[in-house]
Amino acid sequence: MSEQQIGPGKQVTLHFALKLAEEGAVVDSTFDKDPVRLIVGDGNLPEGFEKPLHGLTAGTKQEFDIAPEHAFGQHNPSNIQKLPRAQFAPDLNLEPGLMLSFADKANGELPGVVVEFDDEQVTVDFNHPLAGRPLKFEVEIIAVEDAEPQATEA
């Protein structure tokens, strides 16, 4: 029996590290924790990270360069908004780099980072913090197996 390869409908157990390509700084890693388990194609891993895994087998260690457009997108200047200072609590200690949670139109959570502020307005960047950044995606594949059929709701 040949070893299973990563592809659609496979359950994969792996360790990963996500690094900034320029500096090599680790943004997230499971190498010092329990490995993660995911089903290829279920949407939990962005396609730009999932696609390079296709064809790999258990025991493989590899590192991939991920361009911004295949990771968290390019930095979009229209995602930087100026909001009235009055929308923020008067006792909120604003400072550049402060991450705040906002409600989007669907009442979902939308993180934003304070860029600058004065008495009249607050400039908030709603881009993903890794938008526009080339990344390195290091993986160690531990297991590849057929995914259990997902129960569908009637």
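Caption draft 1: Spotlight on the pairing of strand 8 (residues 121-125). Here strand 8 lies mainly inside the structure; 4 of its 5 residues are buried. Where strand 5 (residues 80-84) lies against strand 8, 5 bridges are found, and the strand directions are antiparallel. Among the inter-strand pairings, Q81 is bridged to a residue of strand 8, identified as V124. Sheet topology places strand 7 (residues 109-117) next to strand 8; 4 bridges connect them, and they run antiparallel.

Caption draft 2: Here's a closer look at a negative patch on the surface. Together, E116, D118, D119 and E120 give the surface a local cluster of negative charge. Residue placement: D119 occurs in the loop between strand 7 and strand 8. The exposure class of D119 is exposed, given its relative accessible area of 71%.

Caption draft 3: Structural detail: the pattern of salt bridges. All told, the structure shown has 8 salt bridges when counted by the stated rule. For E138, the salt bridge goes to K19, with nearest N and O atoms at 2.8 Å. Of this pair, E138 sits in strand 9 (residues 135-146) while K19 sits in strand 1 (residues 10-20), placing them 119 residues apart in sequence. A salt bridge links E23 to R133, with the shortest nitrogen-to-oxygen separation between them at 3.1 Å. With E23 in the loop between strand 1 and strand 2 (26-29) and R133 in the loop between strand 8 and strand 9, the pair connects residues that are 110 residues apart, well separated along the chain. Overall, R133 belongs to the partly exposed group, its relative accessible area being 26%. In the salt-bridge network here, residues are joined through shared partners; they are K19, E63 and E138.

Caption draft 4: Looking closely at the sheet that holds strand 7. One open sheet accounts for 4 strands, arranged 5-8-7-6; its pairing is antiparallel. Each having just a single partner strand, strand 5 and strand 6 (99-103) make up the two edges of the open sheet. Neighbouring strand axes in the sheet, compared pairwise and without regard to direction, differ in orientation by 45° on average.

Caption draft 5: Highlighting the environment of F102. Mapped onto the elements, F102 comes out in strand 6. Note on F102: relative accessible area 19%, which makes it buried. Separated by 82 residues in the primary sequence, F102 and L20 place their C-alpha atoms 26 Å from one another. In this structure, F102 is in contact with L83, F88, G108, E109, L110, G112, V124 and F126, ignoring residues within four places of it in sequence.

Caption draft 6: Up close: the packing of aromatic side chains. In the structure shown here, the tally under the stated rule is 5 aromatic pairs. When the ring of F49 is compared with that of F137, the centres are 5.1 Å apart and the planes differ by 75°; the resulting orientation is edge-to-face. Here F49 is found in helix 1 (residues 47-50), whereas its partner F137 is found in strand 9, with 88 residues between them in sequence. A single burial state applies to F49 and to F137, both of which are buried.

About the criteria used
- Chains are numbered independently. Their residues run from 1 in the order of the written sequence.
- Per-residue local features of the predicted model are confined to residues with pLDDT of at least 70, and side-chain atom pairs are confined, for both listing and counting, to 80 or more; whole-chain, interface and lining totals are unaffected and use all residues.
- Processing note: side-chain calculations cover all non-hydrogen atoms of the structure and skip hydrogens and water entirely.
- Only protein chains enter the area calculation, which uses a 1.4 Å probe; residues under 20% of their type maximum are buried, those over 50% are exposed, and those in between are partly exposed.
- Put simply, DSSP marks the helices as runs of H or I at least four residues long and the strands as runs of E at least two long, and each gets a number from the N terminus on.
- Strand pairing is assigned whenever DSSP detects at least two bridges linking the two strands.
- Patches in this entry comprise residues that are over 30% relatively accessible and not in a salt bridge; like charges within 9 Å are linked, as are nonpolar side chains (Val, Leu, Ile, Met, Phe, Trp, Tyr) within 5 Å.
- All accessible areas in this document rest on Shrake-Rupley with a 1.4 Å probe, and a residue is counted as covered only by the protein chains that are shown.
- Each reported salt bridge corresponds to a side-chain nitrogen of Lys or Arg within 4 Å of a carboxyl oxygen of Asp or Glu.
- Neither His nor the chain termini are counted; the positive set is Lys and Arg, and the negative set is Asp and Glu.
- Positions of charges follow a simple convention, taking NZ of Lys, CZ of Arg, CG of Asp or CD of Glu.
- Angles run from 0 to 180 degrees between N-to-C directions of axes, and those axes are lines fitted to C-alpha atoms, restricted for helices to the stretch in contact.
- Residues are treated as being in contact if the distance between any of their heavy atoms lies within 4.5 Å.
- Ring pairs are drawn from Phe, Tyr and Trp, using the six-membered ring of Trp, whenever the two centres fall within 6.5 Å, and their geometry is named by plane angle: stacked under 30 degrees, edge-to-face over 60, tilted for the rest.

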